[in-house]
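Commentary on secondary and tertiary structure
Chain by chain, the residues:
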Amino acid sequence: MTIQPTGAGHIAPVTVDAPEPGAVTVVIPTFNEAANVRELLRRVAASVPARLPCEVVFVDDSTDDTPTVIADAARDCAFPVSVIHRDTPDGGLGGAVIEGMKAATSPWIVVMDADLQHPPDLIPGLVATGEEQHADLVVASRYLPGGSRAGLAGGYRVAVSRGATRLAKGLFPRALRGISDPMSGFFAIRRETVTGAVTAEALKPLGYKILLELAVRRRPRQVAEVPFVFQDRFAGESKSTAKEGLRFLRHLVELRTASPLARMVAFGAIGLTGFVPNLAALYGLTGAGLHYLPAELLANQLGVAWNFLLIEVLLFRDRRHHRHWADRAGRFALLANADLVLRIPLIALFVGQFHMTVLPATTLALLTTFVLRFAGTEALVYLPRRTRGARTGRNPR
Ligand code: GDD
Ligand code: MN
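Residues numbered from 1 in each chain as written. Chains lettered and ligands numbered in written order. Predicted model: local features only at pLDDT ≥ 70, side-chain atom pairs only at ≥ 80, totals over all residues. Heavy atoms only, no water.

A few words on the pairing of strand E2 (residues 54-60). Judged by how many residues are buried, E2 sits mostly within the fold: seven of seven residues are covered. Alternating positions in E2 separate into two faces, Cys54, Val56, Phe58 and Asp60 on one and Glu55, Val57 and Val59 on the other, with burial throughout. Sheet analysis places strand E1 (residues 24-30) next to E2, joined by seven bridges and oriented parallel. Bridge assignment links Thr30 to a residue of E2, and that residue is Asp60. Sheet analysis places E2 next to strand E3 (residues 81-85), joined by five bridges and oriented parallel. Among the inter-strand pairings, Val56 is bridged to a residue of E3, identified as Val81. (Buried < 20%, exposed > 50% of the residue type's maximum accessible area, 1.4 Å probe, protein only. Helix = DSSP H or I, 4+ residues; strand = E, 2+ residues; numbered from the N terminus. Pairing = 2+ DSSP bridges.)

Next up, the structure:
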C-alpha cells in the first residue's frame, strides 16, 4: 500500500503486500504527541501477535516534531508504519481518523488515541471479538463491568462525559442501542462499514466524537462491546478544550437534523425561541414610550435576527458558503416578513372562501406559511446557486 501525499509534510510512505483476512490497520490521530509515540509503538508491537497482520497509520496535525519522532521510532517496528501529515486540520480529530480510514487496506480498522489512555494490548481482543460475534463494530467501553474511567482527570470531566453520553443516547436511541460508551475513542470497525454502501450517508466528521459519527451515519448492523480501563495519559496534556465541547453540541445538532423533516422541526423550534427577544424588545420599546405599532415592527425584526443567527450556526452551518452573509440575511428577513404579510390574506381566504372559523383558519395559515418559509429558506437562502436540487455529495469542510 502506498499512501498518497496529502501535503508538504508527508513522510515515509510504506509499501506492503495486501494483508490477509483478519488483518488490522490501526489508525491513530496525533496532535503534538512527540513524547508518546515511541512508547505507543513499542506497546503496539508487544501486543499484536505475529498471526495478526498489522499496519499503523498516523494522521498528524502536529505543530511539533511528532512526524519525525514517529518516522524514527518506526525503524524498530516489524510492521509498516506511515504518517499522513495534514497541512489543514479539517474536521479535527474526527477528520483525521476518516483520512486514516481512507488510507487503510485491512478488513479491520482499529481507532485509538496516541497518549496510551487506550491500552494497545486490547487491539487483538477487539478484532477477535468482532470476528467471533460477526460484528461490524466493536467498542471498547468504560461503562461495562470490568471497565472504568480511571484516567479521566477530575470529577468535572467525569460529569461532563456522563452528561454527554446521556445526551447522545437520548438523541439517538436506535443508532446507539447496544453501545454503552458512544463517546469512546477506542474501537474496531470493519473497513467495508466505513467505505462500502454508496447509499449510506456521507460522513461529515466534526471534532472528537468520531464513533458517534460512524454509529449514527453508517449504522453498523451488528455491534459488540469489550470493557476497558481508561488509563492516565503517558505524557503531555489533553488537547480537548471548551471549544471542543461546543463543537460536540454542533455535531449533535448536525447529526440530528440530517433529514429534511428533522430540519423542519428544528427550524420550528428555533422559530419559537424567537418569541423571547421579540417580546422583550416589545416590552422595552413600548416602555420607552414608542407607539405599539412601530414597536411591533421593530421587535419583530429583532426576533428575525435572532432566528437567523441560530439557524446559521446550528442548522445550515455547512451550507453557508453559497452566498455572502448579507445576501443570506436579506433573503431570510424578506421571507420572514413575507410570512407576516401573507398570513392575513390567507386567513381571509380560508374564512371567506372555505367557510372556516377564525381559529382553525389562523392555525392553518400559520402552518402553511411556516412550511412555505422553511422550504423557501432551504431553497432560496441555503441551496447552491446553479446546481439547485443537487444537495448530496458535497462536504465543504
Ligand atoms: N490529527 C489530530 N488532529 N489529532 C488530534 C486532534 C486534531 O485536531 N486533536 C486531538 N488529537 C489526538 C490527540 O493527539 C490524541 O492522540 C487523541 O487525538 C485524543 O486526544 P486527547 O486530547 O488526548 O483527548 P482526550 O483524552 O481528552 O479524550 C479522549 O478520550 C475521550 C473519552 O473521555 C478521546 O478519545 C475522546 O474521543 C474520548 O471521548
Ligand atoms: Mn487523551
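Glancing now at the side chain of Ser184. Here Ser184 shows up in the loop between helix H5 (154-171) and strand E6 (187-190). In this structure the side chain of Ser184 is engaged in a polar contact, spanning 3.1 Å, whose partner is the backbone nitrogen of Phe186. Those residues within four positions of Ser184 in sequence are excluded, and the remaining contacts are Val139, Ala140, Arg142, Leu211 and Phe228. (Polar contact = N/O pair within 3.5 Å; in protein donor to acceptor, adjacent residues only side chain to side chain. Contact = heavy atoms within 4.5 Å.)

Think of an α-helix as 3.6 residues a turn; residues three or four steps apart then line up on the same face. A large share of helix H7 (residues 210-218) lies buried, amounting to nine of its nine residues. By the burial criterion, the buried members of H7 are Ile210, Leu211, Leu212, Glu213, Leu214, Ala215, Val216, Arg217 and Arg218. Residue Arg219 follows H7 closely and has a positive phi angle near 45°.

The next thing to look at is the nonpolar core. One recurring pattern in soluble globular proteins is that nonpolar side chains are buried together. In terms of nonpolar packing, the biggest core is built from 38 residues, with Val56, Phe58, Val81 and Leu126 touching the most fellow members. Excluding residues within four positions of it along the chain, Phe58 makes contact with Ile28, Thr30, Val37, Leu40, Leu41, Ile70, Val81, Ser82, Val83 and Ile84. Counting 30 residues, the second-largest nonpolar core is a separate cluster that includes Met101, Phe172, Leu212 and Ala215. (Core = buried A, V, L, I, M, F, W, Y, C linked by side-chain atoms within 4.5 Å.)

Bringing the coordination of the manganese ion (ligand 2) into the picture now. For the manganese ion (ligand 2), every protein donor is listed as Asp115 (OD) and Gln117 (OE1), and the spread of their distances is 1.9 to 2.0 Å. The burial state of Asp115 is the same as that of Gln117; both residues are buried. (Donors = N, O, S within 2.8 Å, 3.2 Å for Na, K, Ca; no water.)

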